[in-house]
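# Chain and residue survey
Given next are the chains, with one letter for each unit.
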Amino acid sequence: MRLPIAAGVATAAVTVVLHPLFQGGAWFWTSLGVILVVTGVGMAASRHTLPNWLVPLVQLAAVWVYLTAVFAAGKAWAGVVPTRASVVHLAKLLASGFADIPRIAAPVPADTGITALACGGIGLIAITVDLLASRMRRAALTGLPLLALFTVPVAVLAEPVGWLAFIVAALGYLGLLVADGRERLGHWGRAVLVRRTSPSFTTPAGASDAGSLRLSGKRIGLTAIVLAVALPALLPPLEANPLFGFGPGGGKGRGGNSISIPNPIVHLRGELSLPSNTTLLTYATDDGAPRYLRTYSLDVFDGRQWTMTGPNGRPEDRTSAGPLPPPPGQNGTVPVAQATTRVTVSDEVGNLKFLPLPYPPARVDVEGDWRPDRDTLMVFSTSDTARGLTYTVVSAEPRPTAETLKSSGPVPPQIGERYLRLPTDLPREVRELALRVTDRGAGHYEQAVQLQEFFTAKGGFTYSLSAQGHDDQALTDFLIRNRAGYCEQFAASMAVMARVLGIPARVAIGYTGGSRVDGRWQVRTHDSHAWPELYFEGTGWLRFEPTPAGNAGQGSATVPPYSRPQTVRTGDGEPIPAQSARPEKTDLPGGAARNRRDLMLDREYGGGPITVDEGMPVAAGIGAGVAAVLLVALIPAMLRRQVLARRRRAYSRVAGPGGAVEAASGRWEPAMTAAWAELDDALCDYGMSRQPSESPRALAGRLTEQYGFDAETSASMSRIATAVERMLFARTPGEVGPLREDLRRVRRALAGTVSRGRRIRAVLLPPSTLRRMRALGGRVLDGFDRLENLRLRGPARRSG
């Protein structure tokens, strides 16, 4: 039954790498349950010798029962036995999870459908691994299904796999191979656990050979894991994103025909919280005006957070093929103004697969295979990245008037179906608040302006980076209770309230216009921003700005002219914008806007100017790698020095007033043990042997004669041997002089008999320390042997 257990452990170990894909730990415990079910059935089948072809079928049935009990217990007979209703419910649950995968970015919430789908998939992997390892006796082939499971986060996430998760997964697979090897060797005879470090213990040749085979296999496996983790950190990879996320790698991202959707909200929160305000991109416009640059468009609200539907880029819509598809909602009745923007993305930007663009883009001149999504006009690539890229954008920006927006047409059904959807359990307080702060008799445009005024002027909201969380109460807490947050909360809340009022809305993630420096607009990490986009038939999608601007909020945020309330009129009746929504900007030398966020970051990180991290130079990175290698190589030397210092304290602090060891003190025995161990290590470091049967006196005589010690060194060697013999054989040690100088003199004499290279090795790579490290590894592997020898069955009962 060893192999079914090892197969289950290996599957559970590889499952650990999936943790970045999910929020919380419910998915793991549910998946661990299905692995235990498969393992339990496999153990029972091995014990009762079921036919190999029947075991996977029984395991499939057990997984079905388990999924029914966990996800459809209310529709099953006795909560366990599947019924027709439970089968239908489970099928719908799995279908909903499959449909949610492409539209929800990782980490996905604790959705029942996705959890059920993951649990079922892991159960199938566990059955496959058990089939290959326990039934077909092809343990090496289990690497294929385990690798398929391991590559899921590699393909979905932009971040690399954590090295700790890789080690756990690799150890699980290695343990399965060891168990299979142990099972095969067991057919040669009963395995005998031996002490590999004891030279006096002899074993039969067969058992010794089997133990050597197992020991060599384990050492090779553990060494391979260590090298797989360590080498990527020391060697420059051929492409960006090394497997474990560290090392001096760089360059373009990986290609392919699919794209992993990042979590824009998490990315936004991370950039806003960074203390270093690094430049991300610069741009210039033909009219000199700043522009918001949108990267992502989020259209799905699940009650906790906003996510986006996966983009769809058609081959015929490539940016190199000409103009982009027309913006949704524009019918030609609203005047537009063309603007040309030339953007240069910094080389420090990571694996960015979406282009920051002013909305709506009409033409993009860029190198590479970039395609727009027709519904959102997000421009993305599956084979190129925006890192270090320079491109030109021609945008057709609508210039609506208040009267035009007031007379906008009804919402088309296809727009309303997608952009008015709200969860059925949306808190009642949120719906009531949206109706209370707007005029029920007003049109969509007036209500949108009133919502913006509620956030920027009338609602008592404050800008704060300390707001966190995406739980079920986050929206209510922000709107009803604390009313403090940053752009994510403002944009998400206004979009939700707009949908409550029947206004199609979505959330845009990107950057504000930034600050003007030397004739170009400079966008930094603290210019990362989120804002709502609202739909008006005839005009299309328009940006609104509910986040406080100026010194009270985000310094580079601006309120679009069409969204300002028309409350004041001139003498000839022309409306002018009210002042309440205008941003207040304070420009410092260099064009860097100082705002509430920068002031909060100054307080959090100690005040003073925020330094820009320009990255580690190549030479410095190579130097850091070399220093790390040297530090690792010096570990044995440092351990040897630590052991030597501890021993010296042991045989130095026992001397009495006359310089002799006090027999009655009780400390003479540890002192003599330390002295003898130090002499033994010195012999090992200088490549000199000591026979196990050699007494201290015989050793002293041989060394003196073999290496020609002088009279003083011979006397020191004799005193050490006499002291050790008294400790071993005498009732009391008598009077023993201090041994520190004697040991130092003998070590110096031994060092004088070997070459300079041997002396250098004794200091930098002491063989005595390496011997202890090998012995420790042997004890660890012996522990594995003891675990493998465990028997789950009790002793057989005697008959009669």
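Residues numbered from 1 in each chain as written. Predicted model: local features only at pLDDT ≥ 70, side-chain atom pairs only at ≥ 80, totals over all residues. Heavy atoms only, no water.

## What to know about the overall build of the protein chain
Scanning the protein chain from terminus to terminus reveals 24 helices and 18 strands. Per-residue burial for the protein chain yields a buried fraction of 45% across its 800 residues. Summed over its atoms, the accessible surface of the protein chain is roughly 39,300 Å², and 58% of this surface lies on carbon and sulfur atoms. (Helix = DSSP H or I, 4+ residues; strand = E, 2+ residues; numbered from the N terminus. Buried < 20%, exposed > 50% of the residue type's maximum accessible area, 1.4 Å probe, protein only. Areas by Shrake-Rupley, 256 points an atom, 1.4 Å probe, with all protein chains shown as cover.)

## Quick notes on unusual backbone geometry
Backbone torsion omega between tyrosine 359 and proline 360 reads -5 degrees, so that peptide bond is classified as cis. Turning to its location among the elements, proline 360 is positioned in the loop between strand E5 (336-345) and strand E6 (361-365). Backbone geometry places threonine 49, a non-glycine residue, at a positive phi of 50 degrees. Here threonine 49 shows up in the loop between helix H2 (26-47) and helix H3 (55-71). A relative accessible area of 65% means that threonine 49 is categorised as exposed. The backbone of leucine 377 shows a phi angle near 60 degrees, a positive value even though the residue is not glycine. By the element assignment, leucine 377 lies in the loop between strand E7 (371-372) and strand E8 (379-380).

## Description of the packing of helix H12 (residues 428-436) against helix H15 (residues 487-500)
Contact pair H12 / H15: the axes reach a minimum separation of 9 Å and the direction vectors enclose 75 degrees. Our classification of the angle between H12 and H15 gives roughly perpendicular. Of H15, the residues touching H12 (which contributes Val430, Arg431, Leu433 and Ala434) are Val496, Met497 and Val500. (Axes fitted to C-alpha atoms, helices over the stretch in contact; angles between N-to-C directions. Parallel < 35°, antiparallel > 145°, perpendicular 65-115°, else oblique. Contact = heavy atoms within 4.5 Å.)

## Quick word on the nonpolar core
The biggest cluster of nonpolar side chains holds 71 residues, and the ones touching the most others in it are Leu355, Tyr391, Phe455, Leu479 and Leu534. Per-element accounting of this core gives the leading share, 10 residues, to H15. Contact partners of leucine 479, with chain neighbours within four places excluded, come to Val430, Leu433, Phe455, Phe461, Ser493 and Met497. (Core = buried A, V, L, I, M, F, W, Y, C linked by side-chain atoms within 4.5 Å.)

## Brief notes about the packing of aromatic side chains
Note on aromatic pairs: each is described by the distance of the centres and the angle between the planes. Scanning all chains against the criterion turns up 20 aromatic pairs. Ring geometry for tryptophan 27 against phenylalanine 28: centres 5.7 Å apart, planes inclined by 75 degrees, an arrangement best described as edge-to-face. In this structure, arginine 506 is placed above the aromatic ring of tryptophan 541, and the distance from its NZ or CZ to the ring centre is 4.0 Å. Taking the ring centre of tyrosine 292 as reference, the NZ or CZ of arginine 543 above it sits at 3.7 Å. (Phe/Tyr/Trp six-rings, centres within 6.5 Å; stacked < 30°, edge-to-face > 60°. Lys NZ or Arg CZ within 6 Å of the ring centre and 35° of its normal.)

## Topic: the sheet that holds strand E15 (residues 528-536)
Spatially, E2-E12-E15-E16 is the arrangement adopted by the 4 strands of the open sheet, whose pairing is antiparallel. Where the open sheet ends on each side, the last strands, each with one partner, are strand E2 (293-298) and strand E16 (540-543). Here the average twist between neighbouring strands, direction ignored, is 35 degrees. Where E15 and E16 come together, 4 bridges link them in antiparallel fashion. Note that in E16 the partner of phenylalanine 536 across the bridge is glycine 540. Strands in contact with H15 are strand E12 (505-511) and E15; relative to E15, the strand with the most contacts, it is inclined by about 15 degrees. (Pairing = 2+ DSSP bridges.)

## Here's the deal with the confidence of the model for the protein chain
In the predicted model, the protein chain carries a mean pLDDT of 77, and 71% of its residues have values of at least 70. Note that residues 235-260 has pLDDT below 50 and, in this model, 58 contacts with residues that lie over four places away or in other chains. (pLDDT = per-residue confidence, 0-100.)

## Digging into the packing of helix H14 (residues 474-481) against H15
Remark: H14 packs on H15, axes separated minimally by 11 Å, with the N-to-C direction vectors making an angle of 90 degrees. Overall, the two elements H14 and H15 adopt an arrangement that is roughly perpendicular. Counted together, Leu475, Phe478 and Leu479 of H14 and Gln489, Phe490, Ser493, Val496 and Met497 of H15 form the full contact between these two elements. The class makeup of the residues in the contact of H14 with H15 is 6 nonpolar, 2 polar and no charged. (Nonpolar A, V, L, I, M, F, W, Y, C, P; charged D, E, K, R; others polar.)

## Brief notes about the pairing of strand E14 (residues 520-524)
Taken together, the 4 bridges between strand E1 (residues 279-285) and E14 define a ladder with antiparallel strand orientation. Note on E14: the bridge partner recorded for leucine 281 is valine 523. Direction of pairing for strand E13 (residues 515-517) relative to E14: antiparallel, over a ladder of 3 bridges. Note on E14: the bridge partner recorded for valine 517 is arginine 520. Here E13 folds back onto E14 in antiparallel fashion, the turn holding 2 residues, of which aspartate 518 has a positive phi close to 55 degrees.

## With respect to the sheet that holds E1
Strand order across the open sheet formed by 6 strands is E6-E9-E5-E1-E14-E13, with antiparallel pairing between neighbours. Sheet topology places E6 and E13 at the edges, where each strand pairs with a single neighbour. Shown here is a sheet whose adjacent strand axes are inclined to one another by a mean of 30 degrees, direction ignored. Examined bridge by bridge, E5 and strand E9 (residues 390-398) share 9 bridges and lie antiparallel to one another. Of the residues in E9, the one forming a bridge with glutamine 338 is alanine 396.

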